[in-house]
Amino acid sequence: MKLLVAALDSELVAFPEELPGFDRLVTGPGKMQATYALTRALDRATYEEIVVVGTAGSVDTETVGVHEVTTALQHDVADVDGVAGQHVSLPTTVSIAGREGTTIATGDHFVDDADTVELIRSLGGTLVDMEAYAYIWVAQQFGVPIRILKAVSDNAQDDAITDWRDTVAICSGQLRERIAALYGV
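Residues numbered from 1 in each chain as written. Predicted model: local features only at pLDDT ≥ 70, side-chain atom pairs only at ≥ 80, totals over all residues. Heavy atoms only, no water.

Participant: Explain helix α1 (residues 31-44) to me, using residue names and the numbers behind them.
Facilitator: Taking 1.5 Å of rise per residue, 14 residues should cover 20 Å, and α1 covers 20 Å from first to last C-alpha, within 8% of that figure. Every buried residue belonging to α1 is among Lys31, Ala34, Ala37, Leu38, Ala41 and Leu42, and all of these are buried. Across the axial projection of α1, the buried residues extend over an arc of 145 degrees, all falling on one side. Turned more than 90 degrees off the buried face of α1, the exposed positions are Met32, Tyr36, Asp43 and Arg44. In the core, the buried residues of α1 are packed alongside β1 (2-6), β2 (22-26), β3 (49-58), β4 (66-74), β6 (102-106) and α3 (132-142). (Helix = DSSP H or I, 4+ residues; strand = E, 2+ residues; numbered from the N terminus. Expected span 1.5 Å × (residues − 1). Buried < 20%, exposed > 50% of the residue type's maximum accessible area, 1.4 Å probe, protein only. Arc of directions from axis to C-beta. Contact = heavy atoms within 4.5 Å.)

Right under this line is the structure:
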């Protein structure tokens, strides 16, 4: 059995309630809710793989469509010396071995401003979300393989929340098509 994970119900609107071979988990937005919900799910059951689907902002207008995320960093932390992207006790990045993919910057606020986009670019991020770092970190603690698919919903600037609201259902459809192609369901 696999675990299909999304932060929000709206990211799963194109998916049937029951997907053969998958349990379903909606964690809520942000790193804390993602960590808590995924940890509880992995405490309750054993899964062969975690498959995360969701939306992400892009820090590059050329980056569109669905991307497989293989590395995550935190853009909203700093170490004791004030170095952005460095956490005081967690790794700077977490990565999924064995796949080529995109780097995502995770933070606990919806990014919609040029200054944060520039920070994310300087840290090496291509996409931005609110949960991917947490999902990868938790999966690694449990030793469960994880795959993260993100559909670009907005450009992370200039009223991006309006763009996200307008495109989340379209992104869900794109993610549903990718899951069908990858898993045959």
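Participant: Can you tell me about the nonpolar core, naming the residues and giving the values?
Facilitator: Counting residues in each nonpolar core, the largest one holds 30 residues, and the members touching the most others are Val5, Leu38, Ile50, Tyr135, Ile146 and Ile148. Residue assignment for this core shows that the elements contributing at least two residues are β1, α1, β3, β4, α3 and β8 (146-154). Sorting elements by how many residues they give to this core places α3 first, with seven residues. Ignoring anything within four residues of it in the chain, the contact list for isoleucine 146 reads Ile50, Val52, Ile96, Arg99, Tyr135, Ile136 and Ala139. (Core = buried A, V, L, I, M, F, W, Y, C linked by side-chain atoms within 4.5 Å.)

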